[in-house]
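# Reading the structure
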Amino acid sequence: MEENTKERICYLLAENRKLRNLNDELEQELAIKDEIIRKQICMMSESKNSGSYNEKR
(Lines give C-alpha, C1' and ligand atoms only; values in the text may rest on other atoms or scores of the structure.)
Protein backbone atom coordinates (compact mmCIF):
# COMPACT_ATOMS: atom_id res chain seq x y z
CA MET A 1 0.00 0.00 0.00
CA GLU A 2 1.36 3.40 -0.91
CA GLU A 3 2.22 5.82 1.88
CA ASN A 4 -0.18 8.39 0.45
CA THR A 5 -3.03 5.87 0.62
CA LYS A 6 -2.18 5.00 4.24
CA GLU A 7 -2.18 8.68 5.17
CA ARG A 8 -5.51 9.17 3.45
CA ILE A 9 -7.04 6.21 5.30
CA CYS A 10 -5.75 7.52 8.64
CA TYR A 11 -7.11 10.97 7.87
CA LEU A 12 -10.52 9.58 6.91
CA LEU A 13 -10.67 7.41 10.05
CA ALA A 14 -9.87 10.45 12.20
CA GLU A 15 -12.54 12.52 10.42
CA ASN A 16 -15.03 9.69 10.83
CA ARG A 17 -14.29 9.58 14.57
CA LYS A 18 -14.81 13.36 14.85
CA LEU A 19 -18.12 13.15 13.00
CA ARG A 20 -19.33 10.27 15.15
CA ASN A 21 -18.49 12.25 18.29
CA LEU A 22 -20.28 15.30 16.92
CA ASN A 23 -23.28 13.16 16.05
CA ASP A 24 -23.36 11.77 19.59
CA GLU A 25 -23.29 15.30 21.02
CA LEU A 26 -26.10 16.43 18.73
CA GLU A 27 -28.21 13.41 19.63
CA GLN A 28 -27.77 14.18 23.33
CA GLU A 29 -28.71 17.82 22.77
CA LEU A 30 -31.77 16.77 20.78
CA ALA A 31 -32.85 14.36 23.51
CA ILE A 32 -32.61 17.15 26.11
CA LYS A 33 -34.66 19.53 23.96
CA ASP A 34 -37.18 16.80 23.27
CA GLU A 35 -37.60 16.20 27.00
CA ILE A 36 -38.07 19.93 27.64
CA ILE A 37 -40.77 20.10 24.96
CA ARG A 38 -42.54 17.05 26.38
CA LYS A 39 -42.56 18.63 29.85
CA GLN A 40 -43.92 21.89 28.43
CA ILE A 41 -46.69 20.02 26.60
CA CYS A 42 -47.59 18.17 29.79
CA MET A 43 -47.65 21.42 31.75
CA MET A 44 -49.88 23.05 29.13
CA SER A 45 -52.16 20.05 29.15
CA GLU A 46 -52.39 20.09 32.94
CA SER A 47 -53.09 23.82 32.93
CA LYS A 48 -55.76 23.41 30.28
CA ASN A 49 -57.41 20.62 32.25
CA SER A 50 -57.45 22.70 35.42
CA GLY A 51 -59.01 25.67 33.61
CA SER A 52 -56.18 28.09 34.37
CA TYR A 53 -54.82 27.79 30.84
CA ASN A 54 -58.03 29.21 29.35
CA GLU A 55 -58.08 32.04 31.87
CA LYS A 56 -54.62 33.16 30.77
CA ARG A 57 -55.70 33.31 27.13
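Conventions adopted
- Residues numbered from 1 in each chain as written.
- Predicted model: local features only at pLDDT ≥ 70, side-chain atom pairs only at ≥ 80, totals over all residues.
- Heavy atoms only, no water.
- Patch = residues over 30% accessible without salt bridge, like charges linked within 9 Å, V, L, I, M, F, W, Y side chains within 5 Å.
- Areas by Shrake-Rupley, 256 points an atom, 1.4 Å probe, with all protein chains shown as cover.
- Salt bridge = Lys/Arg side-chain N within 4 Å of Asp/Glu carboxyl O.
- Helix = DSSP H or I, 4+ residues; strand = E, 2+ residues; numbered from the N terminus.
- Buried < 20%, exposed > 50% of the residue type's maximum accessible area, 1.4 Å probe, protein only.

## Some remarks on a nonpolar patch on the surface
Residues Leu 19, Leu 22 and Leu 26 make up a contiguous nonpolar surface patch of about 290 Å² in total accessible area. Mapped onto the secondary structure, Leu 19 falls in helix α1 (residues 3-50).

## Things to note about the pattern of salt bridges
Opposite charge on two side chains lets them pair, provided their charged atoms get close. Applying the stated criterion to the full structure yields three salt bridges. Between Lys 33 and Glu 29 there is a salt bridge; the shortest N-O distance is 3.2 Å. Residue Lys 33 and its partner Glu 29 are located together in helix α1, separated by four residues, close to a single helical turn. Overall, Lys 33 belongs to the partly exposed group, its relative accessible area being 45%. Overall, the relative accessible area of 41% leaves Glu 29 in the partly exposed class.

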